[in-house]
Every structure is written in C-alpha cells, then in structure tokens.
Number of protein chains: 2
Amino acid sequence: MKKISESTVRRLSLYLRFLQEAADRGADTISSEELARRGGTTSAQVRKDLSFFGSFGKRGMGYSVPELLHALRDILGLTRTWRVALVGAGKIGSALFSYRDFQRRGFNIRAVFDSDRAKVGAAWGDLRVRHDEELDRALAEDGIEIVIIAVPAEAAQGVVDRVVQGGVRAILNFAPTRLKVPAGVALRNVDMTVELEGLAYTIVNGIPPT
Amino acid sequence: MKKISESTVRRLSLYLRFLQEAADRGADTISSEELARRGGTTSAQVRKDLSFFGSFGKRGMGYSVPELLHALRDILGLTRTWRVALVGAGKIGSALFSYRDFQRRGFNIRAVFDSDRAKVGAAWGDLRVRHDEELDRALAEDGIEIVIIAVPAEAAQGVVDRVVQGGVRAILNFAPTRLKVPAGVALRNVDMTVELEGLAYTIVNGIPPT
C-alpha cells in the first residue's frame, strides 16, 4: 500500500462530493477537467490522484459517474457507517451535532458528553447528554471509532488522553490548541481562528498565500 | 515582498498562540525547539518561517516572548480589529457568532444576515439579524472587510458573488462546497466533513496520511 498524502485524501473527498452532485442531476460521465475545475486543481492531478487506487475511466470518454462514485466511497471508507462520540455540549458541539452533512456521510453521533452537570441529561435528538465521567466506559460499550472534541482549549488534552487510553484511533479536534497523540492515532484539527488570521494576513500583505 | 505559503502563515498563527500562552505564564524567552514541538514541526522550520520576516532571537538564547509576540501580531495583521459580517444565522452561524476566540483575536462580527424572514429581527448580542436583501448596502455602510459564509451549500455561491461584487476581498467559507472567486479575493474553506472523511480513510487503510 502506497503512502497517500493528506492533501490527496482531501481532494478525493471533494471529487466524491462533485460526483454525488453529478449523479443527482443524472449525469452518466464526468471528465477529469470537470473534476479538476471543481476541486481547484488540474486534470493531470485528478488523474494522478485516482491512479493510486486503480484504473478508472477511458481516454476521451471521461469517468463513469456511478463507477467512480462507488470506488471513491469504498476508498474513503464510506460504504459503512461510523460510530462517533462528541465531547463538549456547548455551542460548537450543538452545531456539529445537528450538522446534516455528517449524518448524510454515515458519521453517526452515538453519544454526547460534557463535564458541566447543568448540561447532563439534556435531550439531544434521541440521545441524552452524559457526564464525561462516563466517557471511558461508554467508548467501549458503544464501540466508538471516532471522537469529536469540542471542549475549551485547556480541557482538550485531558479528554484526548482518556480517549486514546480508551482505544480510539481517530480524533477530530475543534478546540483551539494543538494536541499530542501517540503514533498510530490519527488527529485532524479544524482551527477556525487560524483560517481567519490567514485572511487578515492576506489583506495586510496584499498577496494571497500560494 | 516574498511569497509566503499558506502553510507558513498557518504555522505563524500557531506560534502566536503558544507565545501568548507563554506570556500568560510569565515566560520571558522561548526556544525554537519549544515552538517547534507545540507546532508539530522542527526547530529548523521555525527558524526558517521567522526568517522571512526579519531577524529574531539570539543563538542559544531563544526568542524574547514579548518581542516575538508583537512581531507576529504585526505580521499577521492582528494589531488592529477587523470588521466581519456573518451570512447565515443557523446553528453553525450561531456557534461562530459566540465563538470567543474570534473576538479575542480582534475579529468583530458587526452584522448578521439570513434569507429566512423567521430569523430576521432576532437579537444576537447587541445586533439584530438582518434580511440578506440588505447585504449589499450593509457591506459598504459597515465597512465590512471579511465575510463568513455559513449558509447551505446550494446558496453559498450566490452569496459569495454578491459579497465580491460589494468589494469584499476575504471570505471564510463553512458551506460544504467549493466556491469560485476572482483573482485578488482570498478564500479559505473550513470543511468539517472532509476532515472526518480523512479520518475514516485512515482507519480503513491503517496508515495515517503523511
């Protein structure tokens, strides 16, 4: 198995989204040029990205939408559902919980935790917010595979340590801090302030970063 | 002025955060090793990133925390406040509106818009949600510099086109779609589902992407 870069995997996610849009409007085929345009890349890059995973499409014919859709869903591990826990029942946690795109892609939030007893017991959809004392036991009982961290920065590392200890290998972090995880645990950060600061930099310096 | 990559600018944001933490605990100096460790990079990379902007620190002495803090705030354009508008008063918009980190870094949301008349007029802090018909006029009147898009995917491009037409040069997009902007307009995407899909890929393939 080749090592695939994080940016390649990100582009595959975008190609998948465009393929779904194409399928929704009844398109049978899609060209690498169209995928490239939507993904903000070149058609050579599209062909290279896809070539890691097999031989798709015919020269001059484009890609079969249903075929490539299926292949990408398979490659990205989206032909199944994922058991997700959310730690942090604040504003960000609440927005993520009701984010339709997660559910649509098979990421099912099965448990929500908070350390604030005032929030514990609140009904969120079919769930109740649980105290984060229950986190360790719940991870195993619910077979949680991915944990989303939406707690304040100062609490985040403690939560991550417990989650890793509990056997979880994939973490999506929304807390505005860098977290340490051991090798073999995948961590992604969504850092909204960093993105805004990048925009501020661009305005001040007048040059869009490459 | 050299062209600085987007990933360099992202690292500068992270260094800034660690410097603020160091300042909060009363540290006078910080080493490139410490900045590297917190930023998930190497001390050589830290020195290279900072060298684009001048000469900081003394060999063997580390960096002066207040000096580098000031320099990074200056480089990133954070010695001033920014006039921000938010389009989309749904769950994500609401979470972003009350996200303390934005305000703390000088990103002031001055106006909130939605196309849903049921939401228009609702009090959000000191503001009232405005109908997005008012968007074009308000951008100029309020001197908006950065727009945050938190509308559904299918509405996002239309909003962006109006915002660009209204003279805004910096856009932070939370809608799960790729947007087109003309040259000279900076666009950042925060794509939460893409990050989750990256984690799913990692679990399925057992190799953390590089």
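Remember, it's a predicted structure, so these values are computed and weren't measured experimentally. (Residues numbered from 1 in each chain as written. Chains lettered and ligands numbered in written order. Predicted model: local features only at pLDDT ≥ 70, side-chain atom pairs only at ≥ 80, totals over all residues.)

**What about the sheet that holds strand β10 (residues 186–189) of chain A?**
Argument step 1. Read across the sheet, 6 strands follow the order β7-β4-β3-β8-β9-β10 (chain A) without closing on themselves; strand pairing throughout is parallel. Of all the strands in the sheet, just β7 (130–131) and β10 of chain A have a single pairing partner and so form its edges.
Argument step 2. In this sheet, strand β9 (residues 170–173) of chain A lies alongside strand β8 (residues 146–149) of chain A in parallel orientation, the contact comprising 4 bridges. Note that in β9 of chain A the partner of V147 of chain A across the bridge is I171 of chain A.
Argument step 3. Strands β3 (82–87), β4 (107–114), β8, β9 and β10 of chain A of the sheet are contacted by helix α9 (residues 192–205) of chain B, whose axis makes an angle of about 165° with β9 of chain A. (Pairing = 2+ DSSP bridges. Helix = DSSP H or I, 4+ residues; strand = E, 2+ residues; numbered from the N terminus. Contact = placed C-beta atoms within 7 Å. Axes fitted to C-alpha atoms, helices over the stretch in contact; angles between N-to-C directions.)

**Considerations on the interface of chain B and chain A**
Argument step 1. Taken together, the contacts link 54 residues of chain B with 54 residues of chain A.
Argument step 2. In terms of residue count, the dominant contributor to the side of chain B that touches chain A is α9 of chain B (14 residues).
Argument step 3. A per-class count over the side of chain B that touches chain A returns 29 nonpolar, 12 polar and 13 charged. (Nonpolar A, V, L, I, M, F, W, Y, C, P; charged D, E, K, R; others polar.)

**Observations concerning α9 of chain B**
All names here are of chain B.
Argument step 1. Taking 1.5 Å per residue, 14 residues should reach 20 Å; α9 reaches 20 Å between its end C-alpha atoms and fits that length.
Argument step 2. Of all 14 residues that make up α9, 10 are buried, and the element is covered over most of its length.
Argument step 3. Among the residues of α9, those classed as buried are M192, V194, E195, L196, E197, G198, L199, A200, Y201 and T202. (Expected span 1.5 Å × (residues − 1). Buried ≥ 20, exposed ≤ 12 C-beta atoms within 10 Å, placed from the backbone.)

**Regarding the relation of the copies chain B and chain A**
Argument step 1. Each copy of the sequence occupies a distinct position, and chain B is placed on chain A by a rotation of 180° and an axial shift of 0.0 Å, giving an RMSD of 0.0 Å. Such a combination of rotation and displacement between the chain copies is what one expects of a two-fold axis. Minimal C-alpha distance to the rotation axis in chain B is attained by A95 of chain B, lying at 3.2 Å.
Argument step 2. Both copies contact each other with a shared surface, as 100% of the interface residues of chain B are interface residues in chain A too. (Least-squares fit on C-alpha atoms with pLDDT ≥ 70 in both.)

**Regarding the pairing of β3 of chain A**
All names here are of chain A.
Argument step 1. Burial within β3 is extensive, with 5 of its 6 residues counted as buried.
Argument step 2. Across 6 bridges, the pairing between β3 and β4 is parallel. Note on β4: the bridge partner recorded for V87 is F113.
Argument step 3. In terms of strand pairing, β3 meets β8 through 4 bridges, oriented parallel. Bridging across to β8, V87 finds its partner in I149.

**Thoughts on the domain arrangement of chain A**
Argument step 1. For chain A, the domain assignment lists domain 1 (6–75) and domain 2 (82–194).
Argument step 2. Relative placement of domain 1 of chain A and domain 2 of chain A: their C-alpha centres are 31 Å apart. (Domains from an automatic or database assignment.)

**Concerning the packing of helix α1 (residues 6–24) of chain B against helix α2 (residues 32–39) of chain B**
Residue and element names in this part refer to chain B.
Argument step 1. α2 packs onto α1 with a crossing angle of 115° between their chain directions and a minimal axis gap of 9 Å. Comparing their axes, α2 and α1 come out roughly perpendicular. Taken as a pair, α1 and α2 cross one another with a handedness that is right-handed. Only L35, R38 and G39 of α2 make contact with α1, whose side of the interface consists of R11, L14, Y15 and F18.
Argument step 2. Each residue belonging to the contact of α1 with α2 can be placed in one class, and the counts come to 4 nonpolar, 1 polar and 2 charged. (Parallel < 35°, antiparallel > 145°, perpendicular 65-115°, else oblique. Left-handed = near helix turned anticlockwise from the far one by under 90°.)

**Here's the deal with the sheet that holds strand β8 (residues 146–149) of chain B**
Argument step 1. Reading across the sheet, the 6 strands line up as β7-β4-β3-β8-β9-β10 (chain B) and stay open at both edges, with parallel pairing between neighbours. The sheet is open, and its two borders are formed by β7 (130–131) and β10 (186–189) of chain B, each paired with just one other strand.
Argument step 2. Where strand β9 (residues 170–173) of chain B lies against β10 of chain B, 4 bridges are found, and the strand directions are parallel. By the bridge assignment, A170 of chain B is partnered in β10 of chain B with A186 of chain B.
Argument step 3. Seen against the sheet, helix α9 (residues 192–205) of chain A touches β3 (82–87), β4 (107–114), β8, β9 and β10 of chain B and runs at an angle of roughly 165° to β9 of chain B.
Argument step 4. The strands that helix α8 (residues 153–165) of chain B touches are β3, β8 and β9 of chain B; relative to β8 of chain B, the one it contacts most, it runs at about 170°.

**Considerations on the environment of A140 of chain A**
Argument step 1. Along the polypeptide, A140 of chain A turns up in helix α7 (residues 135–141).
Argument step 2. For the pair A140 of chain A and G166 of chain A, spaced 26 residues apart in sequence, the C-alpha to C-alpha distance is 7.1 Å.

**Brief notes about helix α8 (residues 153–165) of chain A**
Given 3.6 residues per helical turn, the α-helix brings residues three or four places apart onto the same face.
All names here are of chain A.
Argument step 1. Within the span of α8, buried status applies to A156, V159, V160 and V163. For α8, the angular spread of the buried residues around the axis is 105°, confining them to a single face. When the buried face of α8 is taken as reference, the exposed residues oriented beyond 90 degrees from it are E154, G158 and Q165.
Argument step 2. Those residues of α8 hidden inside the fold are in contact with β3, α7, β8 and β9.
Argument step 3. Among the residues trailing α8, G167 stands out with phi positive, at a value near 100°. (Arc of directions from axis to C-beta.)

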